[in-house]
Amino acid sequence: MRGSTHAVIGANTVWIPILMGMVIEPWLFLIGAFTALLPDLDASESKIKHLKFGGYIGKTKVTIKPFMPIAVIISAIFGHRGALHSLVAIAVVAAGASFLIPHTSVALWLVAVLGYTSHLLADALTKSGIEFFWPWKQNFGALPRFLRVKTGGLVDTLLLLIGSVSVLLFLYQYVGSFAL
Ligand SMILES: [Zn+2]
């Protein structure tokens, strides 16, 4: 799947704590979108590698790509759709997030982990699949091979569109609740 599709699917993981009856902060969708980009730190080219932050120092515009160095290192060590696209990675993210995130923020932890996991599920729908049981070097898909989709193809685009509408609906309900 394309980076933008991953981000949008990850953003939609906010619906899960909502369905579980949790009250969540509206900005949590950004956490889901961000963690959904993390697995592609192992790709030679990815959205997260080129994520830019910038500002002005005096009159000079300065932009940095903070994830570029780590993406170069991780892609060289692990290779694409290997370790970072595996069950081991989900366990590491879940454990890491429980250290970094205060125990009171269950929804934040949940969205961070679900955002990451959503990336793996989306990639498992594509033709090449993922090494889900890494270090076992076997590619797995979530569907029979003939039903799997092409990255950048029609299903990818449809997921991006439907996911974007769903994120807008999520944001709209907050705007609506502020307006009332
Ligand atoms: Zn991926």
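Everything numeric here is computed off the predicted structure, so don't read it as measured data.

**Student:** Would you mind showing me how to read the packing of helix α3 (residues 28–35) against helix α6 (residues 106–123) here?
**Tutor:** Angle between the axes and distance between the axes: these two values describe a pair of packed helices. Between α3 and α6, whose axes approach to 7 Å, the crossing angle comes to 30°. Our classification of the angle between α3 and α6 gives roughly parallel. Crossing geometry of α3 relative to α6 is assigned as right-handed. Across the interface between the two elements, L28, I31, G32, A33 and T35 from α3 touch A107, L108, V111, A112, L114, G115 and Y116 from α6.

**Student:** What is the right way to look at the nonpolar core in this model?
**Tutor:** Here is a general trend for soluble globular proteins: nonpolar side chains tend to be buried in one another's company. Core analysis: the biggest nonpolar cluster contains 31 residues, and A11, L28 and V111 have the highest contact counts within it. Looking at this core, the elements with two or more residues in it are α1 (3–11), α3, α4 (68–78), α6 and α7 (154–179). A per-element tally of this core places α6 first, with nine residues. Setting aside chain neighbours within four positions, we find L28 in contact with V14, A107, L108 and V111.

**Student:** I tried to follow the pairing of strand β1 (residues 53–57) on my own but got confused; where do I start?
**Tutor:** When you tally the buried positions in β1, you get zero out of five residues, a small fraction of the element. Hairpin geometry of β1 and strand β2 (residues 60–64) is characterised by an intervening segment of two residues between the two adjacent antiparallel strands and by a positive phi of about 65° at G58.

**Student:** Looking at this structure, how should I read the UniProt feature "transmembrane region" (unreviewed entry) in the protein chain?
**Tutor:** UniProt tags residues 14–41, 62–80, 86–111 and 154–175 as "transmembrane region" (unreviewed entry). Across residues 62–80, the secondary structure splits into 58% helix and 16% strand, with the terminal C-alpha atoms separated by 30 Å. Regarding residues 86–111, the helix share stands at 77% and the strand share at 0%, and the terminal C-alpha atoms are separated by 18 Å.

**Student:** Looking at this model, I keep getting lost on the environment of R81. Mind explaining?
**Tutor:** Inspection of the secondary structure assignment puts R81 in the loop between α4 and α5 (87–100). Taking the C-alpha atoms as reference points, R81 and D42, 39 residues apart in sequence, are found 7.0 Å from one another. Not counting the four nearest positions on each side in its chain, R81 is found in contact with D123, S128, I130 and E131.

**Student:** I tried to follow α6 on my own but got confused; where do I start?
**Tutor:** Because each turn of an α-helix spans 3.6 residues, side chains separated by three or four positions in sequence point in the same direction. A rise of 1.5 Å per residue sets the reference length of α6, with its 18 residues, at 26 Å; its end C-alpha atoms lie 26 Å apart and thus fit the reference within 8%. Within α6, 15 of the 18 residues are buried, leaving the element largely enclosed by the surrounding structure.

So, how was this worked out
- Residues numbered from 1 in each chain as written.
- Predicted model: local features only at pLDDT ≥ 70, side-chain atom pairs only at ≥ 80, totals over all residues.
- Axes fitted to C-alpha atoms, helices over the stretch in contact; angles between N-to-C directions.
- Helix = DSSP H or I, 4+ residues; strand = E, 2+ residues; numbered from the N terminus.
- Parallel < 35°, antiparallel > 145°, perpendicular 65-115°, else oblique.
- Left-handed = near helix turned anticlockwise from the far one by under 90°.
- Contact = placed C-beta atoms within 7 Å.
- Core = buried A, V, L, I, M, F, W, Y, C linked by C-beta atoms within 7 Å.
- Buried ≥ 20, exposed ≤ 12 C-beta atoms within 10 Å, placed from the backbone.
- Pairing = 2+ DSSP bridges.
- UniProt positions renumbered as here; feature names shortened; annotations may be inferred.
- Expected span 1.5 Å × (residues − 1).

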